[in-house]
Amino acid sequence: RTLLSHLVTILGAEYIMGYLPPGTHNWNHYLSPETVASKLQPYGIEPVSVQGMVLDQMIPPMPVSSSSSSSFLPSFVGP
């Protein structure tokens, strides 16, 4: 949960751009990549990589980024 994630996903996508209905996201339910990995580790599922996502209307679909401060796409490998 970062300020940027709130600005981009809730204020930006829901209220300013209108991509999603207001109330779609609940910032209190946001998890960091580290939290997701720690919840999956007891099941033998290990993180492989994490890529950030950036909203850019000029480059569909949503391009990846090295920053996971607003949204992220994790990759995992399991047993």
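Use the structure listed above.
Residues numbered from 1 in each chain as written. Predicted model: local features only at pLDDT ≥ 70, side-chain atom pairs only at ≥ 80, totals over all residues. Heavy atoms only, no water.

Student: Is there a simple way to explain the overall build of the protein in this structure?
Tutor: Counting its secondary structure elements, the protein contains two helices and three strands. Mapped in sequence order, the helices and strands of the protein form the string α-α-β-β-β. Counting every position in the protein, which comprises 79 residues, the buried fraction comes to 18%. Carbon and sulfur atoms form 63% of the exposed surface of the protein, whose accessible area is close to 5500 Å². (Helix = DSSP H or I, 4+ residues; strand = E, 2+ residues; numbered from the N terminus. Buried < 20%, exposed > 50% of the residue type's maximum accessible area, 1.4 Å probe, protein only. Areas by Shrake-Rupley, 256 points an atom, 1.4 Å probe, with all protein chains shown as cover.)

Student: What exactly am I supposed to notice about a nonpolar patch on the surface here?
Tutor: A grouping of Leu-3, Leu-7, Leu-11, Tyr-15, Ile-16, Met-17, Tyr-19 and Leu-20 is seen on the molecular surface, where their side chains present a nonpolar patch of about 790 Å² in accessible area. With a relative accessible area of 33%, Leu-11 lands in the partly exposed category. (Patch = residues over 30% accessible without salt bridge, like charges linked within 9 Å, V, L, I, M, F, W, Y side chains within 5 Å. Salt bridge = Lys/Arg side-chain N within 4 Å of Asp/Glu carboxyl O.)

Student: Please clarify how the environment of His-29 should be interpreted in this entry.
Tutor: Following the sequence through the fold, His-29 ends up in the loop between α1 (3-16) and α2 (33-40). Relative accessible area serves as the criterion here: at 61%, His-29 is assigned to the exposed category. For the pair His-29 and Arg-1, spaced 28 residues apart in the sequence, the C-alpha separation amounts to 8.6 Å.

All quantities given are derived from atomic positions and should not be read as evidence of function.
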